[in-house]
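Given next are the chains, with one letter for each unit.
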Amino acid sequence: MLLSIESSCDESALALFNPAKGILWEAIHSQIPTHAKHGGVVPELAVREHLRKLPELLARMQEETGVTFGSEAAEDSISRLAVTVGPGLVGSLAMGMALARALELQYNLPLVGVNHLRAHAFSVFIESHRESPTDFASNFQNLLPHLGLLVSGGNTLLYEIGLSHGAPSVTLLARTVDDAAGEALDKAAKMLGLPYPGGPLIEKIACEGDPAAYQFPIPFRESHGLGFSFSGLKTSLRYKLLAMSAAEVEKEKSNLAASFQSAVVGALALMVRRALKQKNYRSLGVGGGVAQNALLRESLAGLGKDFGIPLLAAKPWHCGDNAGMVAFAAWADAAGVRVVDGFEPALGIAD
Ligand code: KG4
């Protein structure tokens, strides 16, 4: 059994994974209440909270599951360790890695480093493994080549998973040239007077608004390439708000949120459609925090239908940062794991 540790940003998380059974236990401590009052993640506070919460989660895991640290031979004990080595905040990564190192030394267990972005990329396959662990290898191969969209507060990436020498390989197709989609939603929410993180609140109030009430520029609409940009959308919202009185903004909040959300989703879907036209993919995936957005899921499901391929959307609890995906990637993406010899805060998805 494998124990994974995730602490790359503002979530402390642990998970237990058995390749023959799936994710057996997982828990996340979210630091949102700590950072919300500052309007964003404060790295120093994140480090301190990881330092307190990771040992608590470890104690909880042992109390709730009764598992012990052991050897490869004992099937129901922890025989391997995995930890996120990057990308992320240096101090936050260091906390998870310190715990991993301590357990590695104390119990003499093998430890591997996991690329957080690749873990998000593989999170969309967790369900397929859960449904049939024994058939996973062949089912997975039948889903390749896979087109994936990773949308979070820090990243907006389009990538391909294929096979290279029998092992999964990840190729970056496109990324944002400025803000990430989640960052744009969070900044838009802030401009509308909503608390951090604003993405889910934009979605909530957008339900009562008209997505066609305001026009926002969809970046790269006229070009033919793949790429994302969200800072223009944000600036466009700023100018719209500057031209309105406070009372008007209050009255128009749900229309503004619905129109902004629609533009973000439209920009994401445009590039996904373009990529799907370029190659015969056999599945489409979406992961990362913003993948919880219903409009985005709906829009990508429609694209999957148009191209006759399944949409694999990460389960909501595997969209944000979590250790389940780290454990799963340590096993399913064995070619992507790294030696743990220092954190890698700027790691890319294809590194
Ligand atoms: O993956 P995540 O937890 O990681 C980062 O820390 O990057 O993603 C968080 C992002 C935030 O920007 C948040 O506003 C956004 O995901 N988000 C959403 C929704 N839920 C979370 N955006 C739109 N709709 C949602 N339902």
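(A) A look at the site of the ligand. Residues in close proximity to the ligand total 18 residues, the closest being G153, D186, G199, E203 and G289. Here an oxygen atom of the ligand sits 3.0 Å away from a polar atom, N or O, in the main chain of G199. E203 is positioned with one of its side-chain polar atoms (N or O) 2.6 Å from a nitrogen atom of the ligand. Look at the ligand: alone it shows 560 Å² of surface, and the protein chains cover 87% of it. Those elements that place two or more of their residues in the shell around the ligand are helix 7 (181-191) and helix 8 (199-206).

(B) Expanded view of the pattern of salt bridges. In total, this model carries 14 salt bridges according to the counting rule given. We note a salt bridge from E127 to R130, for which the minimum N-O separation is 2.9 Å. Of this pair, E127 and R130 both sit in helix 5 (residues 126-131), three residues apart, which is roughly one turn of that helix. You can call E127 buried: its relative accessible area is 16%.

(C) Molecular detail of the sheet that holds strand 2 (residues 11-18). Spatially, 3-2-1-4-5 is the arrangement adopted by the five strands of the open sheet, whose pairing is mixed. Of all the strands in the sheet, just strand 3 (22-30) and strand 5 (111-115) have a single pairing partner and so form its edges. In this sheet, neighbouring strand axes are inclined to one another by 20° on average, regardless of whether the strands run parallel or antiparallel. Taken together, the four bridges between strand 1 (residues 2-6) and strand 4 (residues 80-86) define a ladder with parallel strand orientation. What sits directly across from I5, in strand 4, is V83. Sheet strands touched by helix 2 (residues 43-65): strand 1, strand 2 and strand 3. Its angle to strand 2, the strand with the most contacts, is close to 30°. On top of the sheet, helix 4 (residues 116-123) reaches strand 1, strand 4 and strand 5; it is set at about 75° to strand 5, its chief contact.

(D) Region of interest: the nonpolar core. Membership of the largest hydrophobic core comes to 79 residues, with the highest contact counts inside it found for F122, F125 and L149. At 15 residues, helix 10 (residues 246-278) tops the list of elements feeding residues into this core. Apart from the residues within four sequence positions on either side, L149 is in contact with L157, L158, Y159, F228, L268, V272, G285, V286, G287, L296 and L300. Among the nonpolar cores identified, the runner-up in size contains 26 residues, and I5, W25, L81 and V85 belong to it.

Cut-offs and rules
- Residues numbered from 1 in each chain as written.
- Predicted model: local features only at pLDDT ≥ 70, side-chain atom pairs only at ≥ 80, totals over all residues.
- Heavy atoms only, no water.
- Near = heavy atom within 4 Å.
- Polar contact = N/O pair within 3.5 Å; in protein donor to acceptor, adjacent residues only side chain to side chain.
- Areas by Shrake-Rupley, 256 points an atom, 1.4 Å probe, with all protein chains shown as cover.
- Helix = DSSP H or I, 4+ residues; strand = E, 2+ residues; numbered from the N terminus.
- Salt bridge = Lys/Arg side-chain N within 4 Å of Asp/Glu carboxyl O.
- Buried < 20%, exposed > 50% of the residue type's maximum accessible area, 1.4 Å probe, protein only.
- Pairing = 2+ DSSP bridges.
- Axes fitted to C-alpha atoms, helices over the stretch in contact; angles between N-to-C directions.
- Contact = heavy atoms within 4.5 Å.
- Core = buried A, V, L, I, M, F, W, Y, C linked by side-chain atoms within 4.5 Å.

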